[in-house]
Amino acid sequence: MTALFALELSYWQETVLKVVGVLAAVLIPAGAFVQLFLFKMVSHLQSRLGPMEAGPHGSLQAIAEVGKFIQKEDIIPERADRFVFKLAPYVVVMTVLLVYLVIPFGPDMYFANLDAGVFYALAVSSVSVIGVLIAGWASANKYSLMGAIRAAGQLIAYELPLVLAVVGVVIQAGTMNLQGIVAIQAQGEIFGWGAIGNPFILTQFVGLFIFMVAIQAELTQTPFDMPIAESELITGYMTEYSGLRFLLFFIAEFAAVGAFGALAATLWLGGWYLPGLDFDANYMNVVGPIILFAKIMLVAFVVFWVRFTYPRLREDQLQAFAWKFLIPLSLINIVATGVLKVVF
Amino acid sequence: MTVTEHERAFITSTLSESRINLEIESDGMTLNLGPQHPATHGTLRIIVKLDGEQIVACEPTMGYMHRGYEKLCEFRTFPQVTTLVNRIDWLSHFANEVPFILAAEQLMGVEAPPRAQYIRTVFFEMARLGNITLFLGEMGLQLGAMTALFYAFRDREHVLNLLEAVTGGRFHPNFDRIGGLKDDLPKGWIDETKAVMKKIRGFCDQMETLVMGNEIFQTRTRGIGVIPKDVALGYGLSGANARASGVDLDLRRDNPDIAMAWKHADFKVWTHPDGDSFARYWVRLQEVRESTHIIDQLLDGIPAGPIMAKVPRIIKVPAGEAYVQTENPLGWMGYYVVSKGDLGPFRVKIRTASFNNVSVLPWVAKGLYVPDIVTVLASLYFILGDIDR
Amino acid sequence: MSSADTGTEVTEEAPAVDERRDAIVAAVAARLGDAVVGSHVEPGVDVWVRVTRDGWAEAAQAVHDLGFTFFDFLSAIDWYPNIHGKNEEPPTNPITVPATSAELEHGVTGGETRFQLIARVFSPEQKLGVHLRCDLPDDDLSAPTWSRIYPGADWNEREVCEMFGIDFPGHPNLVHLYLPGGFEGHPLRKDFPLLARHVKPWPGLVDVEAMPGEPDDDAEAEGSEAE
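Residues numbered from 1 in each chain as written. Chains lettered and ligands numbered in written order. Predicted model: local features only at pLDDT ≥ 70, side-chain atom pairs only at ≥ 80, totals over all residues.

**Quick notes on the overall build of chain A**
- In terms of helices and strands, chain A carries 13 helices and 0 strands.
- Mapped from its N terminus to its C terminus, chain A presents α and β elements in the order α-α-α-α-α-α-α-α-α-α-α-α-α.
- Taking 20 Å as the expected radius of gyration for a compact globule of 344 residues, we find that chain A reaches 21 Å, a close match to that expectation.
- For the C-alpha atoms alone, the extent of chain A along its principal axes is close to 65 × 50 × 45 Å.
- Put simply, chain A has 344 residues, and 47% of those count as buried.
- Excluding contacts between residues fewer than 6 apart, the proportion of contacts in chain A whose partners are at least 24 apart in sequence is 79%. (Helix = DSSP H or I, 4+ residues; strand = E, 2+ residues; numbered from the N terminus. Rg over C-alpha atoms; globule rule 2.2 N^0.38 Å. Buried ≥ 20, exposed ≤ 12 C-beta atoms within 10 Å, placed from the backbone. Contact = placed C-beta atoms within 7 Å.)

Written as structure tokens, this is what we have:
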């Protein structure tokens, strides 16, 4: 990244830049999703206007919400386990930030280029389960506890289809390095025709479907929002949180949408590259993030669209769906991918 | 919050009235659904004893909205009671007054003129529309599909606007009088109503595909909360809840002597043999469609004439007892009016539909999961004011 | 009471004899024998049967066996006059407080005591309902429970117990339904005051209508007086 500006930075200066960059990479999608999808797209879907007061057409509502959450009183239930209660939101936010580390935004725009990038991203994203669990336990509230227990079962159950769907892509790409996967999609050919490269959505569509279902569950969005289940558990494990701590959970949720969206875009949709553009050019370091952002918005649109349309599945039905349908399907996908990779 | 000994004693005594012991918590968890809870449509408190996520025992506790209607009615004159009684089931405003007014008219020996009967029936059915369209959207919300609720409110607005055009009130029209109605219909209202009925039918089609046809909705509601026919009769379940269990009762068809215009309309009574939550949703959806057809037919055949019978200015109802029941949107609502010949009633017993509908909850809830209780509550569809009076 | 014909349209003349309802009374009397102490049939409208308190549970079983399986409601009536009044009764009509229960005026099917239970059940096949009543002796306000036969009576009896103070031996859980735990008194009894009326007189006194007996400023020719 520093090569872009032809600057020579010392290590600590680079680190500071990277931290700021990660925060920007997280907060911008989070803010955009909240504003655009939650407030406006959903409102129009439900034949209403949404917030209109803050800014022209309500466009500054997200900033208003942040301001509102920051100035609230910090309430901790008396019987709550104080240290764990305070720790939980940070655990969840941190895991989301860590996922962004390996996502490439351009040919040189990445925070870390790990050879086991896919492995790292999936492993780190599962740590958020712990944050959810301790949030529910430490709240000293039966509803939160029920939400946390449901979350534990659900999030762990849907990790497996998530990983197995990605395995198909890894087999086809032959590498776990995310930058390498983008390169292979950009420079690949479909039966000798290289005009649009070889985005894995064409061959790994089953994997993409499983991945989209699995991230709907990982993000605890309807139809898999039993842990939150607004009409039963109020907000599940987040019930006792208010003010800045709730804002951290909120940011984590929407930044996670962005993170998983970025993973989906990188693994299936071609990442920061659009066919027709020069892969190695310097200007791609500016255009690449914009392209990736657009693809993230596309994935997020689908996630939220499904969220506001479907009712929610009950916990046992949810588990049955994961174990009896998604996992066998993803195993079949892996087998088929392996066979076809060898054949072609 | 540390619970002092005094508070603990109070909680224990309150809970012991509900037969669940605070001290012994070794087997399962006792969860309090309500009185403030998104799923309970108001201030209903349900104490459930859980084993994991399964319900072992369930005890509804009500009275948070008890306003003492039966006592209040004894201290009012007959026209004043109609205003009071409007608010028992606040979503079907007009329909609450009708049985009481019919009982008073029966004791007085007057009958409203035919045009008034037709208009009363039309407004009764419009109350049903306003009430049940809300249910169709709100059951989706309880199950997680929150978009359905907004569509319901959007289309319900048309019905409320129609009511406002005639009576001036959206939620509490205060239009019915003993002996007839307050005013006649404005010009052009009938055509507008017919257009709105088409919109409501379109809304029903939308709900059929969006909510009822959704596979997840069906997975969540089919086979959940099955109430067999004899249990339904024994508890006094009425309205769509009974018809969804296969009981073929509809007071609009089965009570032809009542002074309303249902006998002039041709409609079908929908029943469903299953008795589960899906059946209750299904029956109500068909009933909304049927209501729109009833309104269309009645408005086509509405006779001309006066809208108020000859009743004295100061209404004194002769001594006697009368009981009139109607098929309200929530079920059967009846008023047992005892009059001693003076300005107000001597005793009014209000038989509300939701009271009996919710009393079946302890029977139904055994063995269900916690999310299923939300489904069952949503499908039984009660209004707190109707239970608590 | 005359049936409804006052010049507006009626669908039919009310029959003078209601065979179906008479048959119900006969069937109930045949099953219960002495327990039936009174009945009243309003032709084309409704039917009431009055039974003894001891035969209350048998009456439930009898009507249940006769096909009246739908439970409608169960409640009580306190025949004591409303001594707290509506405050719009003019002073020329004082309410006389009866000395004993025997001086109370009861409704249809008569009665002898202050408290009467009334219940209604409905038959889905015949599409008819029947009211059952029984007197409760003043010194022993209790009646056998109906909840074994009609499960819906459970909550109704709880409400009657807290509102009137009537006991139902055999009821599984006779606790308060509406009133909070420590409530004292029985609100629906006629001697339980409505506190709002003691704090403030009825605001409806400023109503436009004149009191009966006083000259009305508006023309009284709108219709005949009810009495």
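**Focus on the interface of chain A and chain B**
- The interface is formed by 23 residues belonging to chain A together with 27 residues belonging to chain B.
- Elements represented by at least two residues in the side of chain A that touches chain B include exactly helix 10 (230-233) and helix 13 (315-343) of chain A.
- The biggest single contributor to the side of chain A that touches chain B is helix 10 of chain A, with 3 residues.
- When the residues that make up the side of chain A that touches chain B are grouped by side-chain class, the tally is 7 nonpolar, 6 polar and 10 charged. (Nonpolar A, V, L, I, M, F, W, Y, C, P; charged D, E, K, R; others polar.)

**A look at the packing of helix 4 (residues 93-108) of chain B against helix 5 (residues 114-143) of chain B**
Residues and elements named next belong to chain B.
- Here helix 4 crosses helix 5 at 135 degrees, and the two axes come no closer than 7 Å. When the interaxial angle is binned, helix 4 and helix 5 end up oblique. Relative to helix 5, helix 4 is oriented so that their crossing is left-handed. Two secondary-structure elements touch here, helix 4 through His93, Phe94, Ala95 and Val98 and helix 5 through Arg120, Phe123, Phe124, Ala127 and Arg128.
- Residue classes in the contact of helix 4 with helix 5 are distributed as 6 nonpolar, 1 polar and 2 charged. (Axes fitted to C-alpha atoms, helices over the stretch in contact; angles between N-to-C directions. Parallel < 35°, antiparallel > 145°, perpendicular 65-115°, else oblique. Left-handed = near helix turned anticlockwise from the far one by under 90°.)

**What to know about helix 5 of chain B**
All names here are of chain B.
- For helix 5, which comprises 30 residues, the first-to-last C-alpha distance of 44 Å matches the rise-based estimate of 44 Å (1.5 Å per residue) to within 8%.
- Within helix 5, 27 of the 30 residues are buried, leaving the element largely enclosed by the surrounding structure.
- Within two residues after helix 5, glycine 144 carries a phi angle of roughly 115 degrees, on the positive side. (Expected span 1.5 Å × (residues − 1).)

**Description of the confidence of the model for chain B**
Residues and elements named next belong to chain B.
- On average, residues of chain B score 85 in pLDDT, and 92% of them reach the 70 mark or higher.
- Contacts for the low-pLDDT stretch residues 16-25, under 50 throughout, to residues beyond four places or in other chains number 18 contacts.
- Model confidence for the complex: the whole-complex pTM is 0.84, and ipTM, which rates the interface, is 0.83. (pLDDT = per-residue confidence, 0-100.)

**Overview of the packing of helix 2 (residues 11-45) of chain A against helix 4 (residues 82-100) of chain A**
Residue and element names in this part refer to chain A.
- Closest axis-to-axis distance for the helix 2/helix 4 pair is 10 Å, and the angle between their directions is 105 degrees. One way to sum up the angle between helix 2 and helix 4 is to call them roughly perpendicular. Contact residues: Val22, Ala25 and Val26 in helix 2; Val96, Leu97 and Tyr100 in helix 4.
- Of the residues that constitute the contact of helix 2 with helix 4, the class distribution is 6 nonpolar, no polar and no charged.

**Some remarks on the sheet that holds strand 1 (residues 36-42) of chain C**
Residues and elements named next belong to chain C.
- If you trace the 5 strands from one edge of the open sheet to the other, you get 1-2-5-4-3, paired in mixed fashion. A strand with exactly one partner marks an edge of an open sheet, and here the two such strands are strand 1 and strand 3 (70-78). Here the strands of the sheet are splayed against their neighbours by 20 degrees on average, with no regard to which way each runs.
- As judged from the 4 bridges shared by strand 2 (residues 46-51) and strand 5 (residues 128-136), these two strands associate in the parallel manner. Looking at strand 5, one finds that tryptophan 48 is bridged to histidine 131. (Pairing = 2+ DSSP bridges.)

**Re the environment of Asp78(C)**
Residue and element names in this part refer to chain C.
- Within the secondary structure, aspartate 78 is located in strand 3.
- On the neighbour-count criterion, aspartate 78 (22 C-beta atoms within 10 Å) is buried.
- Taking the C-alpha atoms as reference points, aspartate 78 and arginine 114, separated by 36 residues in sequence, lie 5.7 Å from one another.
- Beyond its immediate stretch of four places on either side in the chain, aspartate 78 contacts Arg114, Phe115, Phe164, Leu188, Arg189 and Lys190.

**Things to note about the pairing of strand 4 (residues 115-123) of chain C**
Residue and element names in this part refer to chain C.
- Most of strand 4 is tucked away, with 8 of its 9 residues classed as buried.
- Pairing analysis gives 8 bridges linking strand 3 to strand 4, with the strands arranged antiparallel. Its bridge partner lying in strand 4, aspartate 78 is registered against phenylalanine 115.
- By the bridge criterion, 9 bridges tie strand 4 to strand 5 in an arrangement that is antiparallel. Within the sheet, the bridge partner assigned to phenylalanine 122 lies in strand 5 and is glycine 129.
- The hairpin formed by strand 4 and strand 5 contains 4 residues between the paired strands, and lysine 127 there has a positive phi angle of roughly 60 degrees.

**Brief notes about the nonpolar core**
- Counting 270 residues, the largest nonpolar core has Ala214(A), Ala103(B), Ala104(B) and Val337(B) as the members making the most contacts within it.
- In this structure Val337(B) touches Phe100(B), Ala103(B), Ala104(B), Leu107(B), Glu321(B), Ala322(B), Pro345(B) and Val348(B), once residues within four positions along its chain are discounted. (Core = buried A, V, L, I, M, F, W, Y, C linked by C-beta atoms within 7 Å.)

**So, the environment of Leu98(A)**
Residue and element names in this part refer to chain A.
- Checked against the element boundaries, leucine 98 lands in helix 4.
- For leucine 98, a count of 20 C-beta atoms within 10 Å translates into the label buried.
- Sequence separation between leucine 98 and proline 161 is 63 residues; the distance between their C-alpha atoms is 21 Å.

**A short note on unusual backbone geometry**
- Positive phi outside glycine occurs at Thr220(A), with the angle close to 45 degrees.
- For Thr220(A), the location among the structural elements is in the loop between helix 9 (205-218) and helix 10.
- Since 25 C-beta atoms lie within 10 Å of it, Thr220(A) is described here as buried.
- With a phi close to 50 degrees, Tyr381(B) is a non-glycine residue in the positive phi region.
- In this fold, Tyr381(B) is placed in the loop between helix 15 (370-380) and helix 16 (384-388).
- Residue classification places Tyr381(B) among the buried residues on the basis of 27 C-beta atoms within 10 Å.

**Side note on the sheet that holds strand 3 (residues 54-61) of chain B**
All names here are of chain B.
- The strand order 1-2-3 describes an open sheet built from 3 strands, whose pairing is antiparallel. The strands lining the two open edges of the sheet, one partner per strand, are strand 1 (29-33) and strand 3. Averaged over all pairs of adjacent strands, the angle between their axes in this sheet comes to 20 degrees, without regard to strand direction.
- Relative to strand 2 (residues 45-51), strand 1 runs antiparallel, the two sharing 5 bridges. Bridging across to strand 2, leucine 33 finds its partner in isoleucine 46.

**A word on the environment of Val166(A)**
All names here are of chain A.
- Counting through the fold element by element, valine 166 comes out in helix 7 (residues 142-173).
- Taking the C-alpha atoms as reference points, valine 166 and serine 330, 164 residues apart in sequence, are found 9.3 Å from one another.
- Here valine 166 is in contact with Val118, Leu122, Phe211 and Leu267, once residues within four sequence places are set aside.

**Points about helix 13 of chain A**
All names here are of chain A.
- The end-to-end C-alpha distance of helix 13 is 41 Å, a good match for the 42 Å that 29 residues give at a rise of 1.5 Å each.
- Where helix 13 bends most, the angle comes to about 30 degrees, and this point is leucine 326, followed within four residues by the proline proline 328.
- Taken together, the buried positions of helix 13 are occupied by Glu315, Leu318, Phe321, Ala322, Leu326, Ser330, Asn333 and Thr337. (Bend = angle between axes of the 7 residues up to and from the residue.)

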